[in-house]
Amino acid sequence: MNEKRERADTRTGTEQEGSWRSWPSREALTRLGVPRGRIVLDYSMITALSVWVLAGCYTSGGFEGWYAPLPPLGYGLCVAAALGYHHTTLDHRAAASLGLLGVIALGGLGAYAAGASTPATVLWIVVCIMAMERLPLPLGLATVAVLVPGFVEADETGFLGAGLTTGAVLLAGYSLRLDAHARGAGFQLLAQERLAREAEAASAALAERARIAREIHDVLAHSLSAQMVHLEVARLQIEAGADRSEVLKLVTSARSMAREGLAETRHALSALRGDMVPVEEYLQELAREDRAEVDVSGERRNLPAEASQAVRRVAQEALTNVRKHAPGARTRIRLAYEADEISLEIRDSGPPPTAEGGGEGLGLGSSGSGYGLLGMRERAELLGGSLDAGPDGPGFTVRLRVPA
């Protein structure tokens, strides 16, 4: 896909840099995008011009008797050459295109030799316009230059009439060329825009896959690793002949972790589908289990899926750590909608003095592994935000800021 886009850009750039000596684009050489009314008008003019040329051949008096069938035969040959010229110019074949134009010019020469100077001039004018419109400009100008003596010879006013005819031919042919070039450039831009949209869609799909992988990893890796630890300890205790109640406690804890992991997975999948409750409602529901306070400020609005999921996951991880390392602590959650971002602050007061250990070393950061804080910080940085976490007096504070 990127190669197609590069080829299209290269082709357009080449034509813009050397448009005076290069072939018109394929889009410009076709009838693509021409209104139907314009096509009907063009064919009507060609038909009328054909009748006029043939009538002029017969009224000149040069095609009588045995020569009467020559005008329609010769004109039919010119039409076939013109159709062939259309295809050879599409393939950018210069020699074949000039040869077919030469056939039409020879048809005009035959008409002039028979005394039909007006039909001959018309055929030569058609050749010049076709050359100016569809050939590289040097070849088009060379074709016009070759036929200028014919205009001088056929026009009764000599150089004056030939000069006017040549100027009109150049103007008409170049105007048609510019019109076709503008139409072709428009279709090239549309093709490039289509390729750009396809590239953006592919990039968005890759980003979505990465986001899904990150969500599943954050949920399952944390949950499954903890379960594995508990189950491995239970296995070792069974082999060592430990008390049944101790083993049962570990298995029950692993089952509880599995249940929580399943619930978190469902939340993540709902978020990925966009089927989820507003952030503030989710925080209130999450805080209800820990009797935490929730304070929401700012004008509420719909958040991007990634920002919303980041807030949810950070809040969930922070409250889980408070539950593990500072049981019984008072927790306050503050969510603020700001101009171009959203901030989340979760602060706990630390474990009460009556808790085991007297509150020493039971802060959020004392778990040892650091997995939760690391995962939260990486999630924030991927969104262009930041996460700060550390001791705050006797407790611990987590602050998240992400663009929204």
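These notes cover the structure that comes with them.

Cut-off values and rules
Residues numbered from 1 in each chain as written. Predicted model: local features only at pLDDT ≥ 70, side-chain atom pairs only at ≥ 80, totals over all residues. Heavy atoms only, no water. Helix = DSSP H or I, 4+ residues; strand = E, 2+ residues; numbered from the N terminus. Buried < 20%, exposed > 50% of the residue type's maximum accessible area, 1.4 Å probe, protein only. Contact = heavy atoms within 4.5 Å. Areas by Shrake-Rupley, 256 points an atom, 1.4 Å probe, with all protein chains shown as cover. Axes fitted to C-alpha atoms, helices over the stretch in contact; angles between N-to-C directions. Parallel < 35°, antiparallel > 145°, perpendicular 65-115°, else oblique. Left-handed = near helix turned anticlockwise from the far one by under 90°. Nonpolar A, V, L, I, M, F, W, Y, C, P; charged D, E, K, R; others polar. Pairing = 2+ DSSP bridges. Expected span 1.5 Å × (residues − 1). Bend = angle between axes of the 7 residues up to and from the residue. Salt bridge = Lys/Arg side-chain N within 4 Å of Asp/Glu carboxyl O. Phe/Tyr/Trp six-rings, centres within 6.5 Å; stacked < 30°, edge-to-face > 60°. Lys NZ or Arg CZ within 6 Å of the ring centre and 35° of its normal. Right-handed = clockwise from strand over helix to strand, strands pointing away.

1. Quick look at the overall build of the chain
Piece 1. Secondary structure summary: the chain contains 12 helices and five strands in total.
Piece 2. Counting over 404 residues, the chain shows a buried share of 37%.
Piece 3. Counted over contacts in the chain with a minimum sequence separation of 6, partners at least 24 positions apart contribute 68%.
Piece 4. Split by element, the accessible area of the chain, about 23000 Å² in all, is 60% carbon and sulfur.

2. Describing the packing of helix H5 (residues 94-113) against helix H6 (residues 117-134)
Piece 1. Where H5 meets H6, the axes come as close as 7 Å, and the angle between the chain directions of the two elements is 165°. Taken together, the axes of H5 and H6 are roughly antiparallel relative to one another. Once H5 is placed against H6, the crossing between them reads as left-handed. Touching Leu101, Ile104, Ala105, Gly107, Gly108, Leu109, Ala111 and Tyr112 of H5 are Ser117, Ala120, Leu123, Trp124, Val127, Met130 and Ala131, all from H6.
Piece 2. When the residues that make up the contact of H5 with H6 are grouped by side-chain class, the tally is 12 nonpolar, three polar and no charged.

3. Notes on the sheet that holds strand S3 (residues 341-348)
Piece 1. Taking strand neighbours across the sheet as the criterion, the five strands line up as S1-S2-S3-S5-S4 in an open arrangement whose pairing is mixed. The open sheet has two edge strands, strand S1 (293-297) and strand S4 (386-392), and neither has a second partner. Between one strand axis and the next, the sheet turns through 10° on average, direction left out of account.
Piece 2. Bridge analysis of S3 against strand S5 (residues 395-403) gives eight bridges, and the strand direction is antiparallel.

4. Considering helix H7 (residues 137-154)
Piece 1. Along its 18 residues, H7 runs 25 Å from first to last C-alpha, staying within 8% of the 26 Å computed at 1.5 Å per residue.
Piece 2. Along its length, H7 shows its largest kink, about 35°, at leucine 147, and proline proline 149 lies within four residues downstream of that point.
Piece 3. Along H7, the positions that sit buried rather than exposed are Leu137, Gly140, Thr143, Val144, Leu147, Gly150, Phe151 and Ala154.

5. Examining the pattern of salt bridges
Piece 1. This model, assessed by the stated rule, comprises 12 salt bridges.
Piece 2. Among the salt bridges present, the one from aspartate 295 reaches arginine 332, with a minimum N-O distance of 3.9 Å. Of this pair, aspartate 295 sits in strand S1 while arginine 332 sits in strand S2 (residues 331-337), placing them 37 residues apart in sequence.
Piece 3. Taking the relative accessible area as the measure of exposure, aspartate 295 reaches 32% and is therefore partly exposed.
Piece 4. Residue classification places arginine 332 among the partly exposed positions, given a relative accessible area of 31%.
Piece 5. Taking the shortest distance from any N to any O, the salt bridge between aspartate 392 and arginine 347 comes out at 3.1 Å.

6. Observations concerning the packing of aromatic side chains
Piece 1. Overall, the coordinates contain one aromatic pair when judged by the stated rule.
Piece 2. Here tyrosine 112 and tryptophan 124 contribute two aromatic rings whose centre-to-centre distance is 6.2 Å and whose plane-to-plane angle is 45°, an arrangement assigned as tilted. Of this pair, tyrosine 112 sits in helix H5 while tryptophan 124 sits in helix H6, placing them 12 residues apart in sequence.
Piece 3. In this structure tyrosine 112 comes out as partly exposed when scored by relative accessible area, which is 26%.
Piece 4. On the basis of relative accessibility, which here comes to 5%, the residue tryptophan 124 falls in the buried class.
Piece 5. Between the NZ or CZ atom of arginine 312 and the centre of the ring of tyrosine 282, over which it lies, the distance is 5.1 Å.

7. Details of the side chain of serine 343
Piece 1. Counting through the fold element by element, serine 343 comes out in strand S3.
Piece 2. Those residues within four positions of serine 343 in sequence are excluded, and the remaining contacts are Arg334, Leu335, Ala336, Glu338, Leu400 and Arg401.

8. Quick notes on the environment of alanine 389
Piece 1. Structurally, alanine 389 can be placed in strand S4.
Piece 2. Spatially, the C-alpha atom of alanine 389 lies 9.6 Å from that of glutamate 345, the residues being 44 residues apart in sequence.
Piece 3. Those residues in contact with alanine 389, other than ones at most four positions away along the chain, are Leu373, Arg377, Phe396, Thr397 and Val398.

9. Describing the packing of helix H4 (residues 70-90) against H6
Piece 1. Remark: H4 packs on H6, axes separated minimally by 12 Å, with the N-to-C direction vectors making an angle of 5°. Overall, the two elements H4 and H6 adopt an arrangement that is roughly parallel. Contacts between H4 and H6 involve Tyr75, Ala82, Tyr85, His86, Thr89 and Leu90 on the former and, on the latter, Leu123, Met130, Ala131 and Arg134.
Piece 2. Class assignment for the residues of the contact of H4 with H6 results in seven nonpolar, two polar and one charged.

10. What about the pairing of S1?
Piece 1. Here five bridges tie S1 to S2, and the two strands are oriented parallel to one another. Bridging across to S2, glutamate 293 finds its partner in arginine 332.
Piece 2. Of the crossover connections in this fold, the one passing from S1 over helix H11 (residues 305-325) to the parallel S2 is left-handed.

Coordinates in, geometry out; function isn't part of it.
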